[in-house]
Amino acid sequence: MMNKLKNKTIPLSEPLICGNEWKYVKECLDTGWVSPVGKYVETFEKITSRYVGRKYAVACVSGTAALHTSLILTGIGPGDEVVMPTLTFVAPANTVRYTGAYPVFVDVCSDTWQLDVDKVALFLKKECRWIKNGLVNRHTRRKIKAILPVHVMGYPVDMDPLMAIARKYGLAVIEDAAESLGAEYKGEKVGRHGLFACLSFNGNKVVTCGGGGMILTDDKRLAEQARYLTTQAKDDPIENIHGAVGYNYRLTNIQAAMGVAQMEQLDRYIVKKRRIASLYRQGLADVAGIIHQVENPEAVSSYWLYTVLVDKKLYGRDSRALMLALKAEGIQTRPFWHPLYSQKIFTDSYAYEITVADRIYSQGLSLPSSVGLSLQDQKRPIALIRLGQR
Ligand SMILES: *Cc1c(COP(=O)(O)O)cnc(C)c1O
């Protein structure tokens, strides 16, 4: 029994459901308002847009659906290209492919692990050229249409220079803020810059409604079109006349009810995530070969998953060996995503000068970061990582 307690499983990230979730969901079930028509969908959109500081929000079934819809409404289509980081979860790259366009993969910064904005500028300057109807990648001859920065692991991409580049080349910006709701950039919430910003409320995100996403924008017409496209593009709902090939992408009232209850706790969750991060930083500060992410002055990370790099030369073992050692003790950790540029499904996509992402990938390890993680439980991975040092 003692042993069992000692080896209690510590998950990487699990949702914390301790607010009004039951109450609001029960209300949906009791009143029969379960479908995408209902007051919680509206409330969820209102509080989320207000929280981030955008004018309009459209709730979707997933972050992936939000990204797909945003790309369509940006006018991304077959044969176009969208510039994005190579080190990210696969969903944003997949949504580019859904439209028939191709991602262009750019490297990440070695200290923040975010899209390297300087390399984006170099790629556009050196590898692209203007022809009469736009900017063309001279390697693929495809047209560059947009930049899709992904704020990974709760940390903001350096948006001011990125927006300046986008303006210079006339490119649209779609932000993937799925992992970074509540993070800040220069004193404002992440998700304020792009023509669209997309959120996810998937089970392991900072706040969750089981599954869900959100499109944010300041453009009223685009918000209306997003609402239209995500509900089967009905021009005449009685006669069933459709003005476009639409999607069934709208969030249900039940999920939105849970989302509202979770949003009520978001600020508290961020405080907790940041406390978890500072405990890891303190607890592992003097461990040789455990490298922490830099938090620049313009950034306030939401520390979605607290992630370190493991330098085998200094630490004595690599990130995967550490992962297995922690797993044997019931502690769940996870590597970074395999860089997308070298994945089989993206071999027909262009990649520009990737020299950093592979090292971050091989060294990266995300540590247990649940909002409900107790101080006592967090001491175990810290102690074991210290012990594993040679
Ligand atoms: C989770 C995630 C998504 C997709 O969100 P879903 O709601 O799971 O579809 C998109 N982009 C990033 C970076 C993510 O982490």
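Cut-offs applied
Residues numbered from 1 in each chain as written. Predicted model: local features only at pLDDT ≥ 70, side-chain atom pairs only at ≥ 80, totals over all residues. Heavy atoms only, no water. Buried < 20%, exposed > 50% of the residue type's maximum accessible area, 1.4 Å probe, protein only. Helix = DSSP H or I, 4+ residues; strand = E, 2+ residues; numbered from the N terminus. Contact = heavy atoms within 4.5 Å. Near = heavy atom within 4 Å. Polar contact = N/O pair within 3.5 Å; in protein donor to acceptor, adjacent residues only side chain to side chain. Areas by Shrake-Rupley, 256 points an atom, 1.4 Å probe, with all protein chains shown as cover. Nonpolar A, V, L, I, M, F, W, Y, C, P; charged D, E, K, R; others polar. Pairing = 2+ DSSP bridges.

Trainee: I would appreciate a short explanation of helix H9 (residues 253–263) in the present structure.
Mentor: Each α-helix turn comprises 3.6 residues. Residues three or four places apart therefore point the same way. Of all 11 residues in H9, 9 are buried; the element is thus mostly enclosed. All of the buried residues along H9 are Asn253, Ala256, Ala257, Met258, Gly259, Val260, Ala261, Gln262 and Met263. Elements that come into contact with the buried residues of H9 comprise helix H2 (21–31), helix H3 (39–52) and helix H10 (266–283).

Trainee: When you look at the site of the ligand in this model, what are you seeing that I'm missing?
Mentor: Around the ligand, the surrounding shell holds 16 residues, and the nearest of these are Thr64, Asp176, Glu179, Ser200 and Lys205. Here an oxygen atom of the ligand and a side-chain polar atom of Glu179 are 2.5 Å apart. Here an oxygen atom of the ligand and a side-chain polar atom of Asn202 are 2.9 Å apart. In isolation the ligand offers 380 Å² of accessible surface; the protein chains occlude 93% of this area. Taken together, the elements giving at least two residues each to the shell around the ligand come down to helix H4 (63–74) and helix H5 (91–98). No other element matches the 3 residues that H4 contributes to the shell around the ligand. Residue composition of the shell around the ligand, by class: 6 nonpolar, 7 polar and 3 charged.

Trainee: Teacher, can you tell me more about the sheet that holds strand E9 (residues 188–189) here?
Mentor: Sheet strands pair via backbone hydrogen bonds, and the direction of the pair is either parallel or antiparallel. Read across the open sheet, the 3 strands follow the order E9-E8-E15; overall the sheet is antiparallel. Of all strands in the sheet, those bounded by a partner on one side alone are E9 and strand E15 (299–300). Here 2 bridges tie strand E8 (residues 184–185) to E9, and the two strands are oriented antiparallel to one another. From the neighbouring strand, Tyr185 faces E9, where its bridge partner is Glu188.

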